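Results of the structural survey
The chain contents come next:
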Amino acid sequence: MAVADPLSPKNAGGVPAIKTRALTKKYGEFTAVDKLDLQVRQGEVFGLLGPNGAGKTTTILMLLGLSEPTSGTARVLDMDPARDPIAVKRRVGYLPDAVGFYGSLTGRQNLRYTARLNGVERKAGESHIDELLERVGLTNAANKRVDTYSRGMKQRLGLADVMVKRPSIVILDEPTTAIDPAGVEEVLALIRELANDGAAVLLASHLLHQVQQVCDEVGIFVAGRLVTSGAMDKLSSSLAANGPIEIEVAAPPPAEGVKAIAEKVNGVISVEKDGRDPRMWVVRAKRDVRADLARALVEAGHAPYHLRRRGDELDEIYRRYFADYAAEGATTA
Amino acid sequence: MTGQSISLTASGAAARGRKRKNIRSEQPLQPSQPAKTQAAPKGARPAGVPAGWRVIAAKEFADHISSIRFLVLTVILTLAAAAAVYSTAGLLKGVAPDASDQPSLFLYLFFYSPQNSPGFTFVFFVSLLAPLLGIAFGFDGVNGERSEGTLPRLVSQPIHRDDVINGKFVAGLAAISVILVAIIAVVGAIGVLQLGILPNIDEVLRLAVWVVLAVVYVGLWLAIALLCSVVFRRAATSALVSIAIWLVLTTFAGFLVGIFAGFLSPIGDNTTQDQINNLSMQRNLSLISPSQLFTEATKATLNPAIQSFDINALIRVANEPQAYPLSQLSIEQSLLVVWPQFVGLIALTSGAFAVAYVSFMRQEVRA
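An account of the accompanying structure is given in this report. Everything numeric in this text was worked out from a predicted model, so none of it was measured. (Residues numbered from 1 in each chain as written. Chains lettered and ligands numbered in written order. Predicted model: local features only at pLDDT ≥ 70, side-chain atom pairs only at ≥ 80, totals over all residues.)

Tallying secondary structure elements over chain A gives eleven helices and 13 strands in all. Looking at chain A as a whole, 45% of its 333 residues qualify as buried. Of the contacts made within chain A by residues no fewer than 6 positions apart, 70% connect residues no fewer than 24 positions apart. (Helix = DSSP H or I, 4+ residues; strand = E, 2+ residues; numbered from the N terminus. Buried ≥ 20, exposed ≤ 12 C-beta atoms within 10 Å, placed from the backbone. Contact = placed C-beta atoms within 7 Å.)

Set out below in structure tokens:
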């Protein structure tokens, strides 16, 4: 099984915001988190992706010092959350799964309470709260009771709530669950902003399509183990290592020459007409040959208008690793 | 907080952006910063910042005061207390010629009931309804936060975990104190108007001691209700179990005490000594019940004539009235009489809170 490579060249600079080493949590016989090595840097959005029950929330609770690891270590901003949870929680904003607010209070009152708990000075806190409410688009609803809010509004209020303490690290647990597509877009844009502001963002989710666009790096987390992690393109190449990749290509007619040109490209195994769409060729290759293929076609006078790698989506990667994992589980069981 | 965020904030964005930049520069995002925070003592808060439990208690107290249950309980208790005192005042006026030399007539308002009357006095209603008061402010303390989904958010703030339960307990006690003091004030005013006498310092002090006693007693039920709110997921279950405990300890305790006393100190030959022993045993056993402790402490605190609850002592006094002339205890002496009950109540309340505290601390946040 591949694990995170903490010394990859991309990670070399700066102390990581979050770093775990062989972090393990057991409940009796059940291992919720199994020797997790994780690293998140400042200004980066790390997507911790896995199905429900994979151990994502358990991991988060250990990072916040709300749950003690059975073994292994976690460092958050170079602090140990198990030993100094208050200092960690002062710097880390956490948006829990299915976040709730006090329904009888207004949105503003809820944020004010969080500010008070963080020891934010009243006057400075008030203008910051106004700013945050504006940022998440809740200025008009700020003085309405939270039990009149929609799910999406609560989620945005949750993001404002996380930002009240001006966190260096933001941990979001399923931030896009149960909100409508427009709401998802808004939430994702806000998350991206957080990272642009310099915070490290750890985003735990099982909704791949939704979060892949904002993640700089992802880790696939299944049954307590980090199956693989890295930047999206790295994951794609590690996927390719498991078998030939398929590339769809189409060019305006006359396109009969495409097959011959494609077959000459280094690494291509076969070129066939697509069964469903006769205008399209399917190129099977040992590596990602898209760039070479495009150049070859253009040099030969073709104008490819469609060039897509099949399975070049997180979803595909995810399913693949899940399938592998399930198969392995079946053989070892 | 630069760049994109500024473009999102509408008017005056530039000025605010600068301001925010300044804040940022004071709190750089460099991971080297936390080393300083870490060097400070664990959980240390900057000067002038209230402790976590205070913030939680303030918020919870504000919630209680503005809640419907607070209003309903205040109205019910005030009505019951006012009615009780009004009728007691009428009774006292009827016996006034005999009682005119009673030094603490004012306090009789709160507990006086003539022989063979049902005894619907102020202290009776308070003892009856006090547990309800405690249960009302505690039964959904922790599981309410869970079902609203606010608990994970709350404990992820820079506070200690016990700040949550401590803050809730303090807020509950404060709400209870407000209600009890308000009722005493209303009832005292009715008494003054009805009887036309003003309480003296001694009587006011006795009432103050009684309020403290009542707060401790209600605090016991608050702690029991908080414990239920930790243990049970649903607020309804928690409320039902709290009420069940209340019924068992107050209503059925009398039956159980009678049965156990019958076993331990049977009235075999129906001799006087056997009966005395049995009564004595009943009294000792009933002290396990917090309501009995509170009743005795109430009596001796408010009534200066009560010198002991020990049956043998009472019999001695009855047999030789000359040797023990009727006297009025000073407030210090009365405090000595109720001290064991007082300490017992404090111990029970602390114990119940300790159990609630430990079970909350041991619980998984997500459980």
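More follows now that the structure is in view.
Residues Val201(A) and Leu203(A) are the most contacted members of the largest nonpolar core, which totals 150 residues. In terms of residue count, the dominant contributor to this core is helix H12 (residues 201-231) of chain B (18 residues). Apart from the residues within four sequence positions on either side, Val201(A) is in contact with Val45(A), Phe46(A), Val170(A), Leu172(A), Ile191(A), Leu194(A) and Ala195(A). Core analysis: the next-biggest nonpolar cluster, separate from the first, contains 14 residues, Val249(A), Val268(A), Ala285(A) and Leu293(A) among them. (Core = buried A, V, L, I, M, F, W, Y, C linked by C-beta atoms within 7 Å.)

So, about the sheet that holds strand E3 (residues 45-49) of chain A. Residues and elements named next belong to chain A. The sheet built from six strands is open, its strands ordered E5-E6-E7-E3-E8-E9 with mixed pairing. Each of the sheet's edge strands pairs with one partner strand only, and the pair in question is strand E5 (92-95) and strand E9 (225-231). For this sheet, the mean inter-axis angle between neighbouring strands, taken without regard to orientation, is 15°. Pairing between strand E6 (residues 169-173) and strand E7 (residues 200-205): five bridges, direction parallel. Of the residues in E7, the one forming a bridge with Asp173 is Ala204. Strand contacts of helix H1 (residues 56-63): E3, E6, E7 and strand E8 (217-222), with the helix running at about 150° to E6, the strand carrying the most contacts. Across the face of the sheet, helix H6 (residues 181-196) comes into contact with E3, E6 and E7 while running at roughly 150° to E7. (Pairing = 2+ DSSP bridges. Axes fitted to C-alpha atoms, helices over the stretch in contact; angles between N-to-C directions.)

Scope: geometric values only; no functional claims are made or implied.
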